[in-house]
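Commentary on secondary and tertiary structure
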Amino acid sequence: MKHLLCFLVLFLISGVGSFDLVIDEIPDEVENLIDLEIEGFPSSSKTRNGRYQRSTSDWGYVGDLVEDDDKIGLYSYKVQSTITSRLANTMIQAKMVNNAKRSQHIVFDVQVPKGAFIDNFTMDVNGITFTSKIREKSEARKMYSQAKAKGKAAGIVRSNALDMENFKTEVNVPPGTRIQFELHYHEMIRRKLSSYEHIISVKPGRLAKHMEVDVRIIEPQGLRYVHVPNSLGDHFDGITTISKGEKKAHISFKPTMAQQRKCPTCSSTAVDGNFVVQYDVNRETTGGELEIFNGYFIHFFAPENLDPLPKNILFVIDVSGSMWGLKMKQTIEAMKAILSELRAADQFSLIDFNHNVRCWRDNLVSATPAQVEDAKKYIQTIHPNGGTNINEALLRATFILNEAQNLGMLDPNSVSMIVLVSDGDPTVGELKLTTIQKNMKQSIKDEFSLFCLGIGFDVDYDFLQRIATDNRGMAQRIFGNQETSAQMKNFYNQVSTPLLKKIQFNYPQESVSDVTQSSFHNYFGGSEIVVAGKVDTENLQHLESIVTATAANAELVMETLRDVEELDGFMKKDKYADPEFTKKLWAYLTVNQMLAERNTAPTAALKRNITKSILQMSLDHHIVTPFTAMLIENAEKDEIMLADQPKDPRRGCCPGTLGLTPNAPNNNKGIPAWANVTAVPVSFMPEQRSPPVSSLSINRVDNDPHFIIHLPKSQRNICFNINSEPGKILNLVSDPGTGVVVNGQLVGAKKTENKKLNTYFGKIGFYFKNKGLKVEITTETITLKDGSYGITLTWSDTGHIIRKQLLISVKKESNVTITVGEEMSFMVLLHRVWKNHPVNVDFLGIYIPPENQFSPAAHGLIGQFVSEPAVYIHHQRPGQAPEKPQATMEVKGNKLTVTRGLQKDYRTDRVLGTDVPCWFVHNSGKGFIDGHYKDYLVPHLYSFLKKP
């Protein structure tokens, strides 16, 4: 196993009052691996970025230090952590002195939870203070090159593959030097198994004259309990003190130097491990808790007292040769316990794989006592050997679940999932990880979840994280030791009790913005969903949320209403509470969401745009992410250093370049060619864009409403208008062969002009009968309905809804694209007008490519042209206006006078539109369409057209 360090910063101090920073030049082969950079040193002892920097001048008496053979004394080791509504701000400080008669290295080596954001680092050496700034990587590299040319130094930053990362600073100091290190980081505490667990690594490495771990908890919801397990060992029984109030708690751990010793005569410390604080908060069984402060809201959602949903679960177990011994023994033990916990309403099966794939049962079976016992016996007979064929094993599992769903064997309210247990990379079958990831995404189709357990250190854990996140699941590393069984059972317990599915958080769009993920596939008992966003507290008195979800026996609608100033008094009275906790939590969720979306982005262009958004967030919020660097400098700014993080070749994240590549290929095959994927700065999901201007061969209805019918065979565009009344519903496509209906409901202008009231499409409905899906698009919302199930996005959102191979892609305030497999696609454009306009209203336009695979039975104002009529245009002559010539058009046995003119295509330019030449048919298309336009009026938004 490779030993990877997180933050390594090297300093050489040649004199008490001056420094030379020296490190050997980084080899080119290491430079090529660089992925994350951290540059620089700290500057003044005054407040910087809201953080107070201490100086070595406040140490006081430093005698009576216990020194190892190296004569380095640890004067104090202090950890201060404050949790404000799940946001933990942690500071680790060490004060050390070199009492040797020679220069030597002093090391500051601490562990930071993986996923935490480092936001500050300072160092004070004999009163000279260095402070930190966050910079964009390329800027940091430039500054590093300049510093390097001046003989300055660089360190290397690496992150390991554990749940912790190491921040290590090594400083060469002369005799008598006092040095103080101070690191700040913050993280969101996640709820697991009905408890929040705050883990602080406490490994001072030597006895400290002053040792302290101080934790404060401030939870406006109220504290249900606070518990500090004896995680540092029985040696420290009775030392920790806990003071708990209704909404606050204080935990203190202050062992004396004598108590720190491993034994009464030992000079080594027994403080070496994790200090753990567990707690939970009071909560209601409603729509969760809304906390609003300083222009941000945080929505904590963890309902209880709900019946579990039945689950359909497939266990996929690696039994290759590398699992031999303790790992297999522990896995069998864990699986037997897990199988015993299946509920009677659950269905399950087992797949074990090496170079081959075996199924205990080829289909899901009910978790009866007899079936569970038989499965345990099967597990007991497994003998590891051979290679690792992950791809085929997972495809077999998805096939079993998909087949069960297609055959109607799954309870509509059940939750389906796959649990993969593996300890290594694929060695047989498909070896390319990106192909396996793509195969899983295509096979799972967002219908169920994939959870991954990676055992040991040979497995590519980042790959497991990607495929799990990509398929609505999560991954966890299991350490291959005596605790493997307990770790596996602990992970299973986190996902064993699904209480809700299809959870949707809704807030008033006119009052909130930049909302983090608000739609969730499942909610598991004992966990918590957190949604955050910005809120306009200046113009809002109350914030309301509505959460919709599917429970075991009902569709739930949960409402929450909070005064936007409710927390103000509480927060301002508590001197320990972080006044920026809402802002930090929002940034934490947003950046992590973008990082996850970046890992699964389908195109390089989208990945680059997400990278740019992450970078900007990192700079705005002063946090170290894979795209920023920490610049550390002294007050005179003449000592600067850059520490780079070489890219771990097993990690798939974070290429350094941020440049945009023009004409990047589009690899998203699920998006039709006429609406290619593009990247947008703020989006975390693939979006749709209009085709190039040269690809205007499409049927469309836009404006008031103007129909443009493209006839591919004759390469002509024929136009007509429909003049009807507000509220009427026009059928555009009615195809009983494919079961597809597209209807549009008219809305009128605010008043007449020239004795005419213009009408527009204000609502468009799509009905996919064979899938049982309905889509309603208005100028305010986009709603997908599947029976009693419904999910709604607004035009303020950017994202996708995928249901039964139907993809709805929403581009914020622009368009919606509906894609049905590879057979059909539709685009709806939003037209916004000034809300105080005296006449005009918001309206929709619809664009339907002629390549859509409708059946010959299709009809409707657009659908009837699936069978292209023969059109003959002749006798062109001048019209009333020189630019609008007239002609005679023969079609469907009719001779019509048509006028040459221009209509607009708004896909490429939503303001001015693109001119489309066409022949205009007067009188609402009479003679060109079958019958009269009133024949196409239908009673409901999802009605099929009744043919006479």
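Residues numbered from 1 in each chain as written. Predicted model: local features only at pLDDT ≥ 70, side-chain atom pairs only at ≥ 80, totals over all residues. Heavy atoms only, no water.

Let's talk about the state of the cysteines
In the structure shown here, the tally under the stated rule is two disulfides. Here C263 engages in a disulfide with C266; their sulfurs sit 1.8 Å apart. For the disulfide bridge between C263 and C266, the dihedral angle about the S-S bond is near 95 degrees, and by the sign convention the bridge is right-handed. By relative accessible area, which is 25% here, C263 ends up partly exposed. At a sulfur-sulfur separation of 1.9 Å, the disulfide partner of C719 is C918. The chirality of the disulfide connecting C719 with C918 is left-handed, given an S-S dihedral of about -130 degrees. (Disulfide = S-S within 2.5 Å. Buried < 20%, exposed > 50% of the residue type's maximum accessible area, 1.4 Å probe, protein only.)

A word on the nonpolar core
The biggest cluster of nonpolar side chains holds 57 residues, and the ones touching the most others in it are F766, I777, I818, F826, M889 and F928. Aside from chain neighbours lying at most four places away, what touches M889 is I718, V871, Y872, I873, N894, K895, L896, V898, V921 and F928. By size, the runner-up hydrophobic cluster in this structure holds 54 residues, among which are A88, M96, V202 and V624. (Core = buried A, V, L, I, M, F, W, Y, C linked by side-chain atoms within 4.5 Å. Contact = heavy atoms within 4.5 Å.)

Section: the packing of aromatic side chains
Tallying each qualifying case throughout the model produces 26 aromatic pairs. Through successive ring pairs, a cluster of aromatic residues spans F301, F505, F520 and Y523. Note that R86 overlies the ring of F300, its terminal NZ or CZ placed 3.7 Å from the centroid. Looking at R361, its charged tip hangs above the ring of W360, at a distance of 4.2 Å from the centre. (Phe/Tyr/Trp six-rings, centres within 6.5 Å; stacked < 30°, edge-to-face > 60°. Lys NZ or Arg CZ within 6 Å of the ring centre and 35° of its normal.)

As for the environment of S414
Note on placement: S414 falls in the loop between α6 (390-406) and β24 (415-422). For the pair formed by S414 and T550, sequence separation is 136 residues and the distance between their alpha carbons is 9.9 Å. Setting aside anything within four residues of it in sequence, one finds S414 in contact with P310, N312 and K501. A polar atom in the side chain of S414 sits 2.6 Å from the backbone oxygen of D411. (Helix = DSSP H or I, 4+ residues; strand = E, 2+ residues; numbered from the N terminus. Polar contact = N/O pair within 3.5 Å; in protein donor to acceptor, adjacent residues only side chain to side chain.)

Some remarks on helix α12 (residues 604-620)
The end-to-end C-alpha distance of α12 is 24 Å, a good match for the 24 Å that 17 residues give at a rise of 1.5 Å each. Residues of α12 that are buried: L606, R608, N609, I610, T611, S613, I614, L615, M617 and S618. H622 lies just past α12 and shows a positive phi near 55 degrees. (Expected span 1.5 Å × (residues − 1).)

Observations concerning the pairing of strand β21 (residues 347-353)
Most of β21 is tucked away, with seven of its seven residues classed as buried. On β21, burial covers both faces: Q347, S349, I351 and F353 on one face and F348, L350 and D352 on the other are all buried. Handedness of the crossover joining strand β20 (residues 311-318) and β21 through helix α4 (residues 326-340) is recorded here as right-handed. Bridge analysis of β21 against strand β23 (residues 365-366) gives two bridges, and the strand direction is antiparallel. Residue pairing in the sheet places Q347 in a bridge with S366 of β23. Here three bridges tie β21 to strand β22 (residues 357-359), and the two strands are oriented antiparallel to one another. By the bridge assignment, D352 is partnered in β22 with R358. (Right-handed = clockwise from strand over helix to strand, strands pointing away. Pairing = 2+ DSSP bridges.)

Things to note about the environment of V775
Here V775 is to be found in strand β43 (residues 773-778). The exposure class assigned to V775 is buried, which follows from its relative accessible area of 0%. The spacing of V775 and Y942 is 167 residues in sequence and 9.2 Å in space, taken between C-alpha atoms. Ignoring any residue separated from it by four or fewer positions in sequence, one finds V775 in contact with I764, G765, F766, F768, T783, L784, L806, I808, I818 and Y942.

Observations concerning the sheet that holds strand β28 (residues 512-513)
Spatial ordering of the open sheet is given by β18-β19-β30-β28, a layout of four strands whose pairing is antiparallel. Two strands in the sheet have a free side with no partner beyond their single neighbour: β18 (289-293) and β28. Here six bridges tie strand β19 (residues 296-301) to strand β30 (residues 529-535), and the two strands are oriented antiparallel to one another. Across the sheet, residue F300 finds its bridge partner in β30, namely V530. Packing against the sheet, helix α11 (residues 581-599) makes contact with β18, β19 and β30, and its axis sits at approximately 70 degrees to β19. (Axes fitted to C-alpha atoms, helices over the stretch in contact; angles between N-to-C directions.)

Let's talk about the side chain of S132
Here S132 is to be found in strand β7 (residues 128-136). Among the polar contacts listed, one links the side chain of S132 to the side chain of N120, at a separation of 2.6 Å. There is a polar contact of 3.2 Å between the side chain of S132 and the backbone nitrogen of F121.

What about the pairing of strand β50 (residues 843-848)?
Of all six residues in β50, six are buried; the element is thus mostly enclosed. By the alternation rule, side chains of β50 split into F843, G845 and Y847 and L844, I846 and I848, which are all buried. Where strand β37 (residues 699-702) and β50 come together, three bridges link them in antiparallel fashion. From the neighbouring strand, R700 faces β50, where its bridge partner is Y847. As defined by bridge partners, strand β49 (residues 824-831) adjoins β50 across five bridges and the pair is classed as antiparallel. Its bridge partner lying in β50, L830 is registered against L844.

Thoughts on helix α7 (residues 433-444)
The end-to-end C-alpha separation of α7 is 16 Å, in line with the 16 Å expected for twelve residues at 1.5 Å each. Looking only at α7, the buried set comprises L433, I436, Q437, M440, S443 and I444. Seen from one end, α7 has its buried residues packed into an arc of 140 degrees, which puts them on one side. Where the residues of α7 are buried, they touch α6, β25 (449-455), α8 (461-470) and α11. (Arc of directions from axis to C-beta.)

Details of the confidence of the model for the protein chain
Of the residues in the protein chain, 82% reach a pLDDT of 70 or more, and the chain-wide mean stands at 81. Note that pLDDT drops below 50 for residues 1-54; the model gives that stretch 216 contacts with residues more than four away or on any other chain. Within the model, pLDDT remains below 50 along residues 148-161, and this stretch shows 63 contacts once partners closer than five positions in the same chain are excluded. (pLDDT = per-residue confidence, 0-100.)

Some thoughts on the pattern of salt bridges
Tallying each qualifying case throughout the model produces 30 salt bridges. The salt bridge involving K785 is made with E776; its shortest N-O contact spans 3.9 Å. When its relative accessible area of 31% is taken as the criterion, K785 is described as partly exposed. D842 is the salt-bridge partner of R832, the closest N and O atoms lying 2.8 Å from each other. (Salt bridge = Lys/Arg side-chain N within 4 Å of Asp/Glu carboxyl O.)

A look at unusual backbone geometry
With a phi angle near 75 degrees, R86 is a residue other than glycine that sits in the positive phi range. The residue R86 is located in the loop between β3 (72-84) and β4 (87-98) in this model. On the accessibility criterion, R86 (1% relative accessible area) is buried. A positive phi angle is found at L193, which is not glycine, with a value near 55 degrees. According to the relative accessible area criterion, L193 is partly exposed, its value standing at 36%.

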